[in-house]
Amino acid sequence: MPENATEVTAAGIARLAGVGRAAVSNWRRRYADFPQPVGGTGTSPSFALSEVEQWLREQGKLAEVPLRERVWQEVAGHPAGAPQALIHVGCALLLVRDRPTAWLELAAAPDERMAALLPQALGHVLTARLGPEAGRGHGAGASDPARVHTTSAQGPGGVHAASPPNPAGVHTPGASGPGSVHPPTAQDLLPSVPLLRAAAELAAGIGAGQAFEFLLGRQLDANPRQYTLTPPQLAELMADLAEPPKGADRAARERPVRSVFDPAAGTGALLRAVGGPATLYAQEADRGLAALTALRLALAVEGPRRTADGTHRAAPGPVVRTGDTLRADAFPELAADTVLCHPPFNERNWGHDELAYDPRWEYGLPARTESELAWVQHVLARLRDGGTAVLLMPPAAASRRSGRRIRAGLLRRGALRAVIALPAGAAPPYGVPLHLWILCKPEPGVRPAADLLLADTSDLPGPAPDPTAGPGRPSGGKAPGGPGGGRERFDWPAVRSAVLNAWRDRADVEGVSRVVPVIELLDDDVDLAPARHLPRPASGGGASGLGEVRERLTETLRLTAGLVPPAAAPAAPAHRPLTTVGELARAGALFLHTGTAVPGSTAAPVLTEHDVLTGAAPTALAPTEREAPGGAADEPVLLEPGDVVVPVLGGSTAARVVDAETAGVALGRNLQLLRPDPAAVDPWFLAGFLRGTANHRQASSYASTAARLDARRLQLPRMPLAEQQRYGERFRELAAFEEALRTAGRLGGQLVQGMYDGLTDGTVTPG
């Protein structure tokens, strides 16, 4: 194998061939000519990608590797690590986009010659996009692992790898260096040349920016424990909230956003959500992440355009610097129009002792346990007078007694303008309903605002239930289940609309928002949690809506009684000849597809894992302006009537048959689609037998914390089509009964909770 050749793990081989990891393990045992490991460990070996591809083709298990998959495998298997590979790719993609002629000339040279010429060419393009500091070489010591700065563990917004290697090509300044990315050396680039050629080919098809988004997204998805991200829908909401509300000064409202700052940039999601022309400023403690953010933001803006005088002019590039924001502020003189921030939560070692006399603590020195209030004051210090900031905050910051003095100061000075509670699941940690704080820096000579907007969207209802949806048909209502761990399903468009309307109108809306006089909040606790000052909406629409809920429940129970299955006739266990889904797929009797779509990444609604498990309607979210990381290059699989969808994670025995109403939606992640040939396999027969407990158990592999289903190993009895249809009809009836029970349970829960609420608040009498 050539030195520095790209390596791939068993999981990567499974992805290339479209099979489960268990199949790869079987190939290693069954085939003596399967490629031997070239690296990794005994429990997680790695293989040469070129040897694996050749073996898969010879065995007829691989027609051709998609280009984007090949590029990602080269990134993941890079000998210096994926972060360094992504930095090299980002630099090269800037050159491809901004100076395509120069790239073509370099690409025509042999690998060694190309690696020798690239640093100078990259220096020119980085200087043009990221400033003079970026165009300078980084020196030999930059890739020395001994010089890696190790940051403390951080929460959301402080997105850091745990003890990350310092990638070559990343500037290694002191506590707060002037730049974040510098051109790599020829020696560093030589192993990356084949990768850079492939990345340029990918960019030719989907664009340089989307190519980098795809690769960065795959890196973030592959390392979920190392990164805590700001979801794109939330990032766009925070950017929109930075606009002044109604009643603000007209000149301020019409002033375009000129400068936007994120002091805890992470992967740059908040700054990437900023619309319109703006100069972007960012600081990030992790050097590797700062370099990736700088490249991501530079690739997100348009390339150079020809002006009237014939010259090429590029949009202003981002200014990204490294360092600990609180201890070593890299922008001490900045006065930004807008600040967006998703700070780290619950930090203890944020610099309380050494920063005791810092001039930024205008509202008081934050307690050691109040790191979030330190970030609030840092943000205000970096705003211009009258500027707006939006921060994502933990709910405890609004009510902890140790922060009441600073909260009182923010209220008296008119700096804090709104506290908005989001639903649990809006951002990590997903089990906590986080808050948005909106701040405006007080202007000299202007009277402070005398009120505070409090809004609570944590209990907004989901999509309105379809009153015509009877038993056996999914309702559009929110799935049963209250707040808890994990990502809760809620209606993002409704949340977004409620938040923006509350902020821009600053009006009292029952159960959603209230404008509270500051004097009412300045008590001993200064508790700013919206839930304390807003009455929770009654379940079931209040006392007036309980009658309608009761009528619907009565009708549903009546229909459910008619769907109860007849008494089961006992019989001896059947011994029938069996086949597997994998064998049917090889015979052409059905086709397998894997879901890739996420809600908001496509114009079509998305059938999610949650929808399949709960029987809910597909999740319909408005597509985001910019697609979610990792999803830019994946075409969604659209469902057709008769498709059967099964979840691959969690060990649940669920299967859903797609009907005419669900057809056309996109297949979500962690779902497997089985598309049977109706002339050979009945879809309801297929779905019914896939739900058997014993069938699922023998087709699943188990890890220490989760189970994964290999759909190809699921078994079916061999039967004529007419006999399949007889079983299929019974399975269809069971599915209708199951859906009726779900509907009855949801309506019953609304009625019971509504009665409790009415009796306790006096809107319902005992009788």
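Below, the structure is looked at part by part. Note that the structure is predicted; figures quoted are calculated from it, not measured.

**Considering the overall build of the protein**
- Within the protein, the secondary structure is distributed over 25 helices and 24 strands.
- Split into buried and exposed, the 767 residues of the protein put 51% on the buried side.
- Here the contacts in the protein between residues at least 6 apart in sequence split such that 75% fall between residues at least 24 apart.
- Per element, the accessible surface of the protein, about 34,300 Å² overall, is 52% carbon and sulfur.

**Let's talk about the packing of helix α5 (residues 82–98) against helix α9 (residues 193–206)**
- The geometry of α5 relative to α9 is characterised by a closest axis approach of 9 Å and an angle of 50° between their N-to-C directions. In this view, α5 runs oblique relative to α9, as classed from their interaxial angle. The two elements α5 and α9 cross, and the hand of that crossing is right-handed. Residues A85, H88, V89, A92, L93 and V96 of α5 touch α9, and the partners they reach there are L195, L196, A199, A200 and A203.

**Some details on the packing of aromatic side chains**
- By the definition in use, this model includes eleven aromatic pairs.
- Between Y727 and F731 the ring centres are 6.4 Å apart and the planes differ by 35°, which places this aromatic pair in the tilted class. Placement of the pair is Y727 and F731 together in helix α25 (residues 721–761), with a separation of four residues, close to one helical turn.
- Take Y727: its relative accessible area is 26%, and that puts it in the partly exposed class.
- An aromatic cluster of at least three residues, connected via ring pairs, comprises W27, Y31, F34, F47 and W55.

**As for helix α7 (residues 111–130)**
- The end-to-end C-alpha distance of α7 is 27 Å, a good match for the 28 Å that 20 residues give at a rise of 1.5 Å each.
- At L118, α7 is bent by approximately 35°, the largest bend along its length, and proline P119 sits one to four residues beyond.
- Taken as a whole, α7 has its buried residues at M114, A115, L118, P119, A121, L122, G123, V125, L126, R129 and L130.
- One or two positions beyond α7, positive phi appears at G131, with a value near 100°.

**Some details on the packing of α5 against helix α6 (residues 100–107)**
- Two elements in contact, α5 and α6, have axes separated by 5 Å at closest approach and are oriented at 120°. Our classification of the angle between α5 and α6 gives oblique. Contact with α5, carried on its side by A92, L95, V96, R97 and D98, involves P100, A102, W103 and L106 of α6 and no other residues of that element.
- Taken together, the residues of the contact of α5 with α6 break down into seven nonpolar, no polar and two charged.

**Things to note about α9**
- Compared with the 20 Å implied by 1.5 Å per residue over 14 residues, the 20 Å span of α9 between its first and last C-alpha is a close match.
- Among the residues of α9, those classed as buried are V193, L195, L196, A198, A199, A200, L202 and A203.
- Where α9 is buried, its residues touch α4 (67–76), α5, α6, α7, α8 (186–189) and α10 (208–222).

**Some points on the sheet that holds strand β3 (residues 45–48)**
- Taking strand neighbours across the sheet as the criterion, the three strands line up as β1-β3-β2 in an open arrangement whose pairing is antiparallel. Either end of the sheet is taken by a strand with one partner, and the two such strands are β1 (7–9) and β2 (39–40).
- Examined bridge by bridge, β2 and β3 share two bridges and lie antiparallel to one another. When the bridges of β3 are listed, G40 appears paired with P45.
- In the packing of helix α1 (residues 10–17) onto the sheet, the strands contacted are β1 and β3, and the crossing angle to β1 comes to about 90°.

**Notes on the pairing of strand β21 (residues 671–676)**
- With respect to burial, β21 is a largely interior element, six of its six residues being buried.
- Of the two faces of β21, the one holding L671, L673 and R675 and the one holding Q672, L674 and P676 are both buried throughout.
- Pairing geometry for strand β16 (residues 590–594) and β21, over five bridges, is antiparallel. Residue pairing across strands places L592 opposite L674, the latter belonging to β21.

**Structural notes on the sheet that holds β21**
- Ordered by their spatial adjacency, four strands build an open sheet running β16-β21-β18-β19, and the pairing between neighbours is antiparallel. In this open sheet, the two edge strands, each paired with only one partner strand, are β16 and β19 (656–657).
- Here helix α23 (residues 683–690) sits on the sheet in contact with β16, β18 (644–647), β19 and β21, set at roughly 15° to β18.

**Section: unusual backbone geometry**
- Put simply, P428 and P429 share a cis peptide bond, and its omega is -5°.
- Among the secondary structure elements, P429 is positioned in the loop between β11 (416–421) and β12 (435–440).
- The phi torsion at N346 lies on the positive side, around 55°, for a residue other than glycine.
- Secondary-structure assignment places N346 in the loop between β9 (336–341) and α15 (371–381).
- Despite not being glycine, V526 shows a phi value in the positive range, around 50°.
- Here V526 lies in the loop between α18 (518–521) and α19 (530–533).

**So, the environment of P394**
- Note that P394 resides in the loop between β10 (383–393) and α16 (404–412).
- In this structure P394 comes out as buried when scored by relative accessible area, which is 7%.
- In sequence terms P394 and H435 are 41 residues apart; their C-alpha atoms lie 6.0 Å from each other.
- Setting aside residues no more than four positions away along its own chain, P394 makes contact with F345, E372 and L434.

**Describing the pattern of salt bridges**
- Per the counting criterion, the structure on display carries 35 salt bridges.
- A salt bridge links E74 to R70, with the shortest nitrogen-to-oxygen separation between them at 3.5 Å. Separated by four residues within a single helix, E74 and R70 lie in helix α4, roughly one turn from each other.
- By relative accessible area, E74 is classed as buried at 10%.
- Exposure remark for R70: the relative accessible area of 28% places this residue in the partly exposed category.

Parameters at a glance
- Residues numbered from 1 in each chain as written.
- Predicted model: local features only at pLDDT ≥ 70, side-chain atom pairs only at ≥ 80, totals over all residues.
- Heavy atoms only, no water.
- Helix = DSSP H or I, 4+ residues; strand = E, 2+ residues; numbered from the N terminus.
- Buried < 20%, exposed > 50% of the residue type's maximum accessible area, 1.4 Å probe, protein only.
- Contact = heavy atoms within 4.5 Å.
- Areas by Shrake-Rupley, 256 points an atom, 1.4 Å probe, with all protein chains shown as cover.
- Axes fitted to C-alpha atoms, helices over the stretch in contact; angles between N-to-C directions.
- Parallel < 35°, antiparallel > 145°, perpendicular 65-115°, else oblique.
- Left-handed = near helix turned anticlockwise from the far one by under 90°.
- Phe/Tyr/Trp six-rings, centres within 6.5 Å; stacked < 30°, edge-to-face > 60°.
- Expected span 1.5 Å × (residues − 1).
- Bend = angle between axes of the 7 residues up to and from the residue.
- Nonpolar A, V, L, I, M, F, W, Y, C, P; charged D, E, K, R; others polar.
- Pairing = 2+ DSSP bridges.
- Salt bridge = Lys/Arg side-chain N within 4 Å of Asp/Glu carboxyl O.

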